[in-house]
Amino acid sequence: MTNEDLKNKLTELFPSATFEEGGEFINFFIEPSQWKSCAKELKEKAGLDFDYLFCVTCVDWKTHLTMVYHLSSTIHRHSIVVKVKLNRDQPEIDTVCDIWKTAEFHEREAFDFFGVTFINHPDLRRLFLTDDWVGFPLRKDYDDPINMIKL
Amino acid sequence: MLSLENIINGIHTWLNNTFDPTLALTCEFVLLGITAIAIFAVLGLVLVLMERKVAAIMQIRKGPNRVGPFGMFQTVADTLKLIMKEGLTPDGADKVLFNLAPFIVMIAAMLLLAPIPFAKGVQMWDINIGVLFISAVSSISVIGILMAGWASNNKYSLLGAMRSGAQIVSYELSAGLSVITIVILTGSLQLSEIVNAQQNGWWIFKGHIPVLISFVTFIIAVTAETNRAPFDLAEAESELTAGFHTEYSGMKFALFFLAEYINIFIACAIGATLFLGGWMPFHIGNWEGFNAIMDYIPSSIWFVGKTFFLIFLMMWFRWTFPRLRVDQLLNLEWKYLLPISMLNLLVVTVMAIMGWYF
Amino acid sequence: MFEEIGTTEDGYMVINIGPQHPATHGVLHLVMTLNGETIVKTEPHLGYIHRSIEKMSESLTYRQFIYATSRMDYLSSHINNHGCSLCVEKGLQIEVPERAQIIRVIMDELTRIASHELWWGAMAMDLGAFTPFFHAFRERETITEIMEETCGARLTMNYICPGGVMADLHPDFQKKVKSFITLYKSKINEYNELVTGNIIFQNRMKGVGYLSKEDAISFGCTGPVGRASGVSCDIRKLYPYEVYGKLQFDEILETAGDSFARYMVRIHEMNQSIRIIEQLIDNIPDGEFLAKTKAVLKLPKGEFYQRVETARGEFGVYIVSEGGTTPYRIKYRSPGFSNLSALPTMVKGSKIGDLIAAMGTLDLVIPDLDR
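Predicted model only: the values in this text are computed from it and were never measured. (Residues numbered from 1 in each chain as written. Chains lettered and ligands numbered in written order. Predicted model: local features only at pLDDT ≥ 70, side-chain atom pairs only at ≥ 80, totals over all residues. Heavy atoms only, no water.)

(A) How the structure looks around the overall build of chain C. Looking only at helices and strands, chain C features 15 helices and eight strands. The C-alpha radius of gyration of chain C comes to 21 Å, within 12% of the 21 Å expected for a compact globule of 371 residues. Along the first, second and third principal axes, the C-alpha set of chain C runs to 70 × 50 × 35 Å. Counting all 371 residues of chain C, 65% fall into the buried class. The long-range fraction of contacts in chain C, counting pairs at least 24 apart against all pairs at least 6 apart in sequence, stands at 70%. Within the structure as shown, chain C displays about 12200 Å² of accessible surface, and the carbon and sulfur contribution to it stands at 52%. Of note, chain C has its 39 positive side-chain charges centred 4 Å away from the centre of its 46 negative side-chain charges. (Helix = DSSP H or I, 4+ residues; strand = E, 2+ residues; numbered from the N terminus. Rg over C-alpha atoms; globule rule 2.2 N^0.38 Å. Buried < 20%, exposed > 50% of the residue type's maximum accessible area, 1.4 Å probe, protein only. Contact = heavy atoms within 4.5 Å. Areas by Shrake-Rupley, 256 points an atom, 1.4 Å probe, with all protein chains shown as cover. Lys, Arg positive; Asp, Glu negative; His and termini not counted. Charge placed at Lys NZ, Arg CZ, Asp CG, Glu CD.)

Dropping the structure here:
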């Protein structure tokens with residue numbers, strides 16, 4: 001499916017989604033509350049079949065956080081990028097690890113470094129850092145005066 | 001002719017002529033003890049060096065080559081290092097058992113040196129139930145290993161010890177059954193008798209295929225019994241770090257290490273005695289000239305040569321094969337080796353009754 | 001005294017494999033719950049070598065951050081560099097000279113062979129066979145020497161830079177690569193005789209660490225791990241970059257999904273890499289090896305994603321740019337991280353020995369997981 005067809009189909013399915021131009025993939029934004037149902041649709045809808053989640057990223061935009069999900073289909077070989085804007089003070093989003101199992105680790109990583117809480121995640125603990133670590137290091141305002149070397 | 005037998009007889013006569021019989025006997029006991037410890041130490045050093053050299057050849061490298069000519073004193077240096085290291089006892093360990101275990105393993109290994117005929121007429125103790133003694137005493141070492149594993153209070157050690165227990169107890173059966181085939185053919189449990197029975201040919205040649213089968217079974221079983229790769233599950237470095245001796249250090253570790261090599265030597269020595277004619281030279285039928293040349297080689301050289309050939313075989317296994325998994329190991333014993341050796345025993349019995357051997 | 005041995009409420013034994021353990025090849029920490037020797041639960045703990053390369057990259061320029069990725073998957077450092085460089089080039093729309101493209105691809109494939117050689121030896125060592133390790137290193141040494149001559153380094157080559165490669169090839173390069181190919185072809189049979197055909201080895205590997213195709217996709221397993229389960233995931237075929245589109249090579253697919261399938265995929269992949277090198281080595285065109293670029297690189301505002309096939313699977317670089325000289329956010333999608341997440345499923349209910357066999361064929365490089 002070409003990007004254009006895909007875009008039409010997605011607009012049809014998720015009327016509330018907004019698209020972002022540019023880049024090689026189709027980017028679209030969706031509300032955090034709709035993300036879980038959207039993810040289910042993307043995975044199960046025939047013709048979309050996004051069964052392969054290959055990258056989960058969190059970006060700190062200082063005003064808000066954005067979760068970026070790179071999805072691909074091993075059947076049709078098309079890819080999309082789904083973005084979900086989150087409140088920076090209390091970032092909460094539904095987990096998708098029951099849809100794509102790989103999300104379990106990737107979400108723990110996002111929790112570890114950005115403090116995003118994944119609702120219903122089976123085992124939401126710090127993955128890389130120690131359990132008593134304070135703060136979320138990959139956020140832009142994180143500061144560690146002892147260990148960080150400013151350039 | 002200067003041979004080991006003559007030297008020993010000479011010492012015996014001299015002692016008896018000089019002192020009264022009780023003192024002479026005591027002296028002989030002390031000498032034997034010293035010899036046993038010396039053999040233990042020297043064999044350990046030689047075999048460790050040999051293992052490292054064999055491994056090096058298989059792995060296209062040089063092996064130890066810095067200490068002494070061809071790295072001959074490398075193991076001496078290593079032993080010195082181990083002696084000087086602190087023998088640590090973990091806080092949570094059962095102190096008595098933990099410190100006792102290496103000695104039990106070592107003593108079991110040293111006891112086994114007693115009935116082995118090293119050369120013609122050179123035997124510490126020509127006991128009339130030699131084979132039985134060997135199979136009985138060799139099982140004692142498993143107690144030491146279990147003790148070490150349990151007393152360390154370490155989960156890796158415990159797993160290793162349990163594996164080792166299961167393994168040694170099972171493989172004891174096949175080893176025993178394959179030894180019994182020779183006992184049946186010879187009609188004696190005495191090791192010197194068994195060697196003498198091979199005057200006109202080694203059992204491996206005289207006994208046809210059944211003895212060959214039991215020889216192969218024996219080699220597999222003793223490799224497993226001495227916890228050597230591919231059956232080194234008790235140590236299994238990539239799974240259990242070091243298995244039952246994970247917590248040991250210094251000389252206590254060295255005792256385990258040496259005991260392992262002595263056990264290899266003894267297993268191979270028994271194999272050589274039972275199947276390859278012990279110190280008996282290699283003879284071919286009526287070739288008088290050839291046989292005379294073979295007789296000229298001292299019997300001790302024959303014994304050591306055969307034993308080291310078998311040791312080399314075991315080292316070859318170790319550096320070639322991957323390790324088995326614990327359930328595969330037990331499957332191999334209970335589903336294949338044991339039935340085969342039982343059947344083989346039956347065949348050998350029939351063979352012995354009918355006299356179908358040379 | 002012995003109550004201290006940690007047990008769960010159900011009476012299972014809890015044992016720590018790692019962070020220092022001979023079979024984890026680094027500082028991976030697995031907390032295992034065991035019923036006797038049978039694995040009930042596996043829980044990976046990461047972070048012992050986490051250096052936060054993603055955070056560091058945010059303060060490095062586009063020329064600098066590439067070399068931080070060498071320290072992630074150090075066995076395929078060249079391919080990591082390649083992915084990052086491609087991503088920057090995509091943003092700047094730099095046309096890479098053909099000579100540089102071909103050099104990059106040859107180096108990629110040499111790196112892949114070197115990585116698989118090391119894996120082969122290390123995996124055999126995990127299974128208790130020590131000798132293959134040295135045999136693998138003998139051939140790997142030839143590759144590292146070729147690398148050293150041209151790139152000046154043996155492991156973290158740092159040979160690629162945006163626009164091409166740092167320096168031209170060493171004059172002996174072609175000759176040496178050809179002699180390596182001859183050497184490799186004479187040795188690969190030795191590998192198969194020593195390990196692949198061994199009955200103990202096959203018993204240890206077959207049916208162990210099974211991963212179904214659905215699970216492989218769901219866990220995001222790529223590279224030889226995914227392909228052994230029948231997932232077609234070779235980025236070189238699916239999303240060709242550089243000259244891969246013009247080359248003749250096969251994507252190796254197995255369907256068994258067990259450790260032996262993963263093993264065979266890697267062995268065949270080495271042959272395919274040799275095939276690629278053979279096609280290219282005589283056809284390196286003359287010309288520039290580095291395109292003209294500005295001294296200070298500034299990526300336009302936007303997002304760029306590039307994926308490449310490393311020795312372990314799909315490596316992705318996601319750059320979010322705000323138009324400055326440094327990336328605003330960088331995310332590395334490391335293949336090992338996703339592959340590891342499948343490990344608990346793969347080994348559930350099997351023995352400790354199987355864990356080692358399964359982990360060995362995942363070919364984990366811990367700095368790659370931890371980044």
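(B) Up close: the pattern of salt bridges. Residues and elements named next belong to chain B. Counted by the stated rule, this structure contains 42 salt bridges over all chains. Here Asp232 and Arg323 are joined by a salt bridge, their closest N and O atoms 2.8 Å apart. With Asp232 in the loop between helix 10 (208-225) and helix 11 (237-240) and Arg323 in the loop between helix 14 (299-320) and helix 15 (326-354), this pair connects stretches of sequence that are 91 residues apart. Classification of Asp232 by relative accessible area gives buried; the value is 7%. (Salt bridge = Lys/Arg side-chain N within 4 Å of Asp/Glu carboxyl O.)

(C) Broad picture of the packing of helix 7 (residues 155-186) of chain B against helix 15 of chain B. Residues and elements named next belong to chain B. Between helix 7 and helix 15, the least distance of the axes is 9 Å, while the angle of their chain directions is 15°. Considered as vectors, helix 7 and helix 15 are oriented roughly parallel to each other. Judged by the twist between their axes, the crossing of helix 7 over helix 15 is left-handed. Its residues placed into classes, the contact of helix 7 with helix 15 shows 19 nonpolar, seven polar and two charged. (Axes fitted to C-alpha atoms, helices over the stretch in contact; angles between N-to-C directions. Parallel < 35°, antiparallel > 145°, perpendicular 65-115°, else oblique. Left-handed = near helix turned anticlockwise from the far one by under 90°. Nonpolar A, V, L, I, M, F, W, Y, C, P; charged D, E, K, R; others polar.)

(D) View of a nonpolar patch on the surface. All names here are of chain B. On the surface, Val67, Phe70, Met72, Phe73, Val76, Leu80, Ile83 and Met84 cluster together into a nonpolar patch covering about 810 Å² of accessible area. Take Phe73: it is sitting in the loop between helix 2 (21-58) and helix 3 (74-84). With relative accessibility at 44%, the residue Phe73 sits in the partly exposed group. (Patch = residues over 30% accessible without salt bridge, like charges linked within 9 Å, V, L, I, M, F, W, Y side chains within 5 Å.)

(E) Expanded view of the interface of chain C and chain A. With 41 residues of chain C at the contact, the number on the chain A side is 42 residues. Each partner contributes to the roughly 3400 Å² buried at the junction of chain C and chain A, and carbon and sulfur atoms together form 55% of this total. Considering only the side of chain C, the residues that lose the most area to chain A are Lys55(C), Tyr328(C) and Phe337(C), jointly responsible for 18% of the buried surface there. Our count for the chain C to chain A interface comes out at five salt bridges. Salt-bridge contacts for Glu303(C) lead to Lys83(A); the nearest nitrogen and oxygen are separated by 2.5 Å. Between chain C and chain A we count 19 residue pairs in polar contact (both at pLDDT 80 or more) in total. At the level of elements, strand 3 (38-45), helix 1 (53-57), helix 8 (213-218), strand 6 (302-309), strand 7 (314-321), strand 8 (329-333), helix 12 (335-341) and helix 15 (366-370) of chain C are the ones that each hand at least two residues to the side of chain C that touches chain A. (Buried area = accessible area lost by both parts, 1.4 Å probe. Polar contact = N/O pair within 3.5 Å; in protein donor to acceptor, adjacent residues only side chain to side chain.)

(F) Here's a closer look at unusual backbone geometry. Residue and element names in this part refer to chain A. Positive phi is not limited to glycine here, since Asn120 has a value of about 70°. Turning to its location among the elements, Asn120 is positioned in the segment after strand 7 (117-119). Overall, Asn120 belongs to the exposed group, its relative accessible area being 63%.

(G) Geometry of the pairing of strand 6 of chain C. Residue and element names in this part refer to chain C. Within strand 6, six of the eight residues are buried, which leaves it mostly tucked inside the rest of the structure. The sheet contact formed by strand 6 and strand 7 spans eight bridges and is antiparallel. When the sheet's bridge partners are listed, Glu309 is paired in strand 7 with Glu314. (Pairing = 2+ DSSP bridges.)

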